[in-house]
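# Observations on the model geometry
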Amino acid sequence: PKGFEVVQDQASDAPRRAKLVAEKRLPRGTSDIQAFSSVNVAEMSAAGVLEKIDPAKVPNIGNLLPVFDKTWSLPHIYSGKVIVYNPKLIPEEPTSIADLWNPKYQGKVGMIDIQYIYNIMAATLHAGGKLSDLEPGKKPLLELKKLGVKVYPTNEAFAQALKTEEIGIGLMWKARAVQWQNAGIPVKSVAPKEGILLYLSEFAIAKNAQNKEGAYAYLNAMLDPAPQSAFAIDMGYNPTVKNATVADDLKARIGFTPDEEKRLLNPDFAYITKNDGPLKEWWDKEFKG
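Residues numbered from 1 in each chain as written. Predicted model: local features only at pLDDT ≥ 70, side-chain atom pairs only at ≥ 80, totals over all residues. Heavy atoms only, no water.

A few words on the pattern of salt bridges. In the structure shown here, the tally under the stated rule is 11 salt bridges. The partner of lysine 212 in a salt bridge is glutamate 51, with the nearest N and O atoms 2.8 Å apart. Separated by 161 residues along the polypeptide, lysine 212 in helix α7 (residues 212–222) and glutamate 51 in the loop between α2 (38–46) and β3 (74–85) bring together distant segments of the chain. Across the pair glutamate 165 and lysine 88 runs a salt bridge whose closest N-O atoms are separated by 3.1 Å. Of the two residues, glutamate 165 sits in the loop between α5 (155–163) and β6 (169–173) while lysine 88 sits in the loop between β3 and β4 (109–112), which places them 77 residues apart along the sequence. Among the charged side chains, a salt-bridge network with shared partners connects Asp113, Lys280, Asp284 and Lys288. (Salt bridge = Lys/Arg side-chain N within 4 Å of Asp/Glu carboxyl O. Helix = DSSP H or I, 4+ residues; strand = E, 2+ residues; numbered from the N terminus.)

Okay, here's the thing in structure tokens:
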């Protein structure tokens, strides 16, 4: 429909958030729907730029798994942060986030710059801390820096490093590991015993959207079982609706066992919304600098 725009580009996430906030004063914004991670949805809802979801306008909302919030956005797909490794370089299967600090893997560990907040969360879990306070994660990250951790700007650069054996181990979404396996990259994944950080991609409607009717139609179509099943096949992410069909062999590759599901952890969105700026500054100046 005229005036209907969907924007989903993870590489430009920060500029899109800034633009959405900058357009807050306008009666009509330049986009109707934005795709964000759950962390960024929390930030944008706190900024007052998102439309509160009207369940009556999304008939398929009743099929959503009950774990997901439906206030300011609707969940698209989900996965979890796991340990990924090249078995040629890391012959012994890792079990813990702590394995990244194993001296025998010095120079073989990689991290992804754009996932800084999840890296700090993972380091905090390694330190025995809680997601409501990520300060304990700073010390082990500086220790990892001394061990020669390599930092890559994007997910794709990290995947290339795994493929060329520049690194052998790191942290990544299980769905991405499945995509890389499909592309022929020799990578395996394992759920860490400390906990599995949940990644959720969500769609939200801009508060000043030009075409809210079209936006709601898009959200409802997104939750239809057919595209949800296709997302699982093409992208390796888990459906967010209970009526989507996923083959057992694929479910085993992209999903989590009942025991692993108990270890899925949601970020503390209120804490991150308040502290994201200082944490990003620390990451850039102290960890990367």
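Those residues of α2 not exposed but buried are Ser38, Val39, Asn40, Val41, Ala42 and Met44. Lining the buried residues of α2 we find α1 (13–22), β2 (33–37), α3 (116–126), β8 (196–205) and α11 (269–287). Once α2 finishes, glycine 48 follows within two positions and takes phi at roughly 75°, a positive value. (Buried < 20%, exposed > 50% of the residue type's maximum accessible area, 1.4 Å probe, protein only. Contact = heavy atoms within 4.5 Å.)

This next bit is on the pairing of β8. Of all the 10 residues making up β8, 10 are buried; the element is thus mostly covered by neighbouring parts of the structure. Residues Ile196, Leu198, Leu200, Glu202 and Ala204 point to one face of β8 and Leu197, Tyr199, Ser201, Phe203 and Ile205 to the other, with burial holding for every one of them. Inspection of the sheet shows β2 paired to β8 by 5 bridges, in the antiparallel sense. Paired with phenylalanine 36 across the strands is glutamate 202, a residue of β8. Pairing analysis gives 6 bridges linking β3 to β8, with the strands arranged antiparallel. Bridge pairing links serine 79 to tyrosine 199 in β8. (Pairing = 2+ DSSP bridges.)

Assignment of secondary structure puts threonine 164 in the loop between α5 and β6. A C-alpha to C-alpha distance of 21 Å links threonine 164 and aspartate 99, two positions 65 residues apart in sequence. Within the structure, threonine 164 has its side chain in polar contact with the backbone oxygen of alanine 161 (distance 3.4 Å). (Polar contact = N/O pair within 3.5 Å; in protein donor to acceptor, adjacent residues only side chain to side chain.)

Moving on, we come to the pairing of β6. In terms of burial, β6 is largely enclosed, as 5 of its 5 residues are buried. Across 5 bridges, β3 lies against β6 in antiparallel orientation. Considered in β6, the bridge of isoleucine 83 is made with leucine 171. Examined bridge by bridge, β4 and β6 share 2 bridges and lie parallel to one another. Paired with glycine 110 across the strands is glycine 170, a residue of β6.

So, about the packing of aromatic side chains. Using the criterion set out here, one finds 9 aromatic pairs in the structure. Considering the side-chain rings of tyrosine 152 and phenylalanine 158, the 6.4 Å spacing of their centres and the 80° angle between planes classify their relative orientation as edge-to-face. We note that tyrosine 152, like phenylalanine 158, is buried. The positively charged end of lysine 81 is found above the aromatic ring belonging to tryptophan 173, 4.0 Å away from the centroid. The ring centre of phenylalanine 256 lies 4.9 Å from the NZ or CZ of lysine 174, which sits over that ring. (Phe/Tyr/Trp six-rings, centres within 6.5 Å; stacked < 30°, edge-to-face > 60°. Lys NZ or Arg CZ within 6 Å of the ring centre and 35° of its normal.)

Any functional reading would require information beyond the geometric quantities listed.
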